[in-house]
Amino acid sequence: MAREKSKVALDGARMQAERCMEAFNGVKGLVMWCGFCRYSPTDWTVVHTEDLRQIRLLTEAGWLLEKYSKEVEVLKEEVKDMLVLDHHVGAEKMVLIDALERLGVSYLFQKEIEELLENMFPKFEEYSHVFHDNLFMVSLHFRVFRQHGYDLSSDAFERFTHSNGEFKETISSDVMGMLSLYEATFLKTHGEDILDKAFCFTKTGLESLKPHLSSTLAEQVTHALYQPLQRGIPRVEARHYISVYEKDASRNEKLLRLAKIDFNQVQMLHKEELYHISRWWKEWDLRSHIPYVRDRAVECFFYSTAMIPTMLMVPMKNSNVSQMQCKGGMIVSHQVLMCRDEVRILPYVVGP
């Protein structure tokens, strides 16, 4: 009896699917039956089939990835020595940690960075007297500590305010300090009025300073005001900061080289992932069954890699996870738009 009921239910679903498909076959222009418009074709054209073939061949050959991997290992050891061999705890280490994170290579040194910060945080009051009046350094320490879960008090900024709580005008000419404080304000917690004031003070000050800055510094300020670090996509922000860092006169050439090679290596792996996603989407061919679905394979892939920073920062270990996230997101986004009868079609489209 149960088997007969299951068969009847299955036959009913098939009839509904057939009626739904007939309705779609007779529709042109707009899919008025469900109330949704047809979406425009993708702008990416699946990243061009020929390009994808070349990406696939290049990745399968592996010679460039192998070359990058060998150079990364050498540079990684040299940079690690900068972190751990010099046991002096101070501002220089924090500048190095921040550079590693902004260049997108901190995932290579997670253990070393966490051990350093664990050692530095309890000693902050002890060694911060060296840069007591340095707005850039105080703001940098505040931001990096909070990024890693260390609750450095916002009272550290009281040294830059008057007795009435307003920030001193003397710091408004310190561009890098103002920029560092501006980025730090995005890590405030509820009730930290001093950081609310700091945000308004630095934003207004940076906007007024921007026309008078050098092109390189103006570029940094413009980017920060448009896309604050804490609201950006880590890998995209890393690409931007590489171009900024290579113009810095105090740059470390080994660190810059490591960042560039690592970025290229990760980009190649993302291209390989995109190849698999694009091929899967083409073979699935959902658009031929449900005409109004969005053809957004590339956008969904980009969103999936950006949505989970830990996946993005350790792509070597999470390639398959990233692809699964992308596929799941694409299916869910289409199901949200489907009517009940269209959802019943889905098993026949996706199934064997």
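Residues numbered from 1 in each chain as written. Predicted model: local features only at pLDDT ≥ 70, side-chain atom pairs only at ≥ 80, totals over all residues. Heavy atoms only, no water.

Caption draft 1: Inspection of the overall build of the protein at higher detail. Check the secondary structure of the protein and you find 16 helices and two strands. Taking all 352 residues of the protein together, 45% fall into the buried category. Sequence-distant contacts in the protein: of pairs separated by 6 or more residues, those separated by 24 or more amount to 71%. Within the structure as shown, the protein displays about 19500 Å² of accessible surface, and the carbon and sulfur contribution to it stands at 55%. (Helix = DSSP H or I, 4+ residues; strand = E, 2+ residues; numbered from the N terminus. Buried < 20%, exposed > 50% of the residue type's maximum accessible area, 1.4 Å probe, protein only. Contact = heavy atoms within 4.5 Å. Areas by Shrake-Rupley, 256 points an atom, 1.4 Å probe, with all protein chains shown as cover.)

Caption draft 2: Structural view of the packing of aromatic side chains. Scanning all chains against the criterion turns up 13 aromatic pairs. Their ring planes at 85 degrees and their centres at 6.0 Å tell us that Phe124 and Tyr127 sit as a pair that is edge-to-face. With Phe124 and Tyr127 both in helix H6 (residues 124-127) and three residues apart, this pair spans about one turn of that helix. Look at Tyr127 and you get buried, because its relative accessible area is 9%. Taking the centre distance of 5.2 Å and the plane angle of 85 degrees together, the rings of Tyr182 and Phe186 count as edge-to-face. One aromatic cluster in this structure is built from Phe121, Phe124, Tyr127, Phe131, Phe145 and Tyr150. (Phe/Tyr/Trp six-rings, centres within 6.5 Å; stacked < 30°, edge-to-face > 60°.)

Caption draft 3: Spotlight on the pattern of salt bridges. For the structure on display, the rule yields 14 salt bridges. Of the charged contacts in the structure, one is a salt bridge between Glu192 and Arg146, with a shortest N-O distance of 2.7 Å. Note that Glu192 is positioned in the loop between helix H8 (175-184) and helix H9 (193-209) and Arg146 in helix H7 (residues 135-147), a separation of 46 residues in sequence. You'll find Glu192 and Arg146 in the same group, each marked buried. (Salt bridge = Lys/Arg side-chain N within 4 Å of Asp/Glu carboxyl O.)

Caption draft 4: Fine view of the packing of H8 against H9. Interhelical geometry of H8 versus H9 gives an angle of 140 degrees and a closest axis separation of 9 Å. Accordingly, the angle class assigned to the pair H8 and H9 is oblique. Here the hand of the crossing between H8 and H9 comes out left-handed. Within the contact between the two elements, H8 uses Val175, Met178, Leu179, Leu181 and Tyr182 and H9 uses Ala198, Phe199, Phe201, Thr202, Lys203, Gly205, Leu206 and Leu209. When the residues that make up the contact of H8 with H9 are grouped by side-chain class, the tally is ten nonpolar, two polar and one charged. (Axes fitted to C-alpha atoms, helices over the stretch in contact; angles between N-to-C directions. Parallel < 35°, antiparallel > 145°, perpendicular 65-115°, else oblique. Left-handed = near helix turned anticlockwise from the far one by under 90°. Nonpolar A, V, L, I, M, F, W, Y, C, P; charged D, E, K, R; others polar.)

Caption draft 5: Structural detail: the environment of Glu73. For Glu73, the position within the fold is in helix H3 (residues 63-84). Residue Glu73 is classed as partly exposed on the basis of its relative accessible area, which comes to 41%. In the structure, Glu73 is positioned 185 residues away from Leu258 in sequence and 9.2 Å away in space, judged by C-alpha atoms.

Caption draft 6: Inspection of the packing of H3 against helix H4 (residues 91-102) at higher detail. Relative to each other, H3 and H4 sit at 145 degrees, their axes nearing to 10 Å. Residues Val79, Met82 and Leu83 of H3 touch H4, and the partners they reach there are Lys93, Leu96, Ile97 and Leu100. For the contact of H3 with H4, the per-class residue count stands at six nonpolar, no polar and one charged.

Caption draft 7: Fine view of the environment of Leu75. Its place among the elements puts Leu75 in helix H3. Leu75 gets classed as buried once you look at its relative accessible area, which sits at 8%. Setting aside residues no more than four positions away along its own chain, Leu75 makes contact with Lys254, Arg257, Leu258 and Ile261.

Caption draft 8: The nonpolar core, seen in detail. By size, the foremost hydrophobic cluster in this structure holds 70 residues, and its most contacted members are Leu100, Phe145, Phe157 and Leu255. When residues in this core are grouped by element, the largest group, eight residues, is from helix H12 (residues 253-284). Look past the residues within four positions of Phe145 in its chain and what remains in contact with it is Met94, Leu117, Met120, Phe121, Phe124, Tyr127, Tyr150 and Leu152. Judged by nonpolar contacts, the second largest core, of eight residues, contains Leu274, Ile277, Trp284 and Val298. (Core = buried A, V, L, I, M, F, W, Y, C linked by side-chain atoms within 4.5 Å.)

Caption draft 9: The arrangement of H12 in detail. Taking 1.5 Å per residue, 32 residues should reach 46 Å; H12 reaches 46 Å between its end C-alpha atoms and fits that length. Sitting at the amino-terminal end of H12 is Asn252, which places a side-chain oxygen 3.0 Å from the backbone nitrogen of Lys254. Following H12 by one or two positions, Asp285 adopts a phi angle in the positive range, close to 55 degrees. (Expected span 1.5 Å × (residues − 1). Polar contact = N/O pair within 3.5 Å; in protein donor to acceptor, adjacent residues only side chain to side chain.)

Caption draft 10: Expanded view of the confidence of the model for the protein. Per-chain confidence: the protein averages 77 in pLDDT, with 66% of residues scoring 70 or above. The secondary structure element of the protein with the lowest average pLDDT is strand E1 (residues 30-31), at 36, and the one with the highest is H8, at 96. Here residues 5-10 is a poorly scored stretch, pLDDT under 50, and it has one contact once near neighbours within four places are set aside; other chains count. Under a pLDDT of 50 for its full length, residues 23-36 has, in the predicted model, 22 contacts with residues more than four places off or in other chains. (pLDDT = per-residue confidence, 0-100.)

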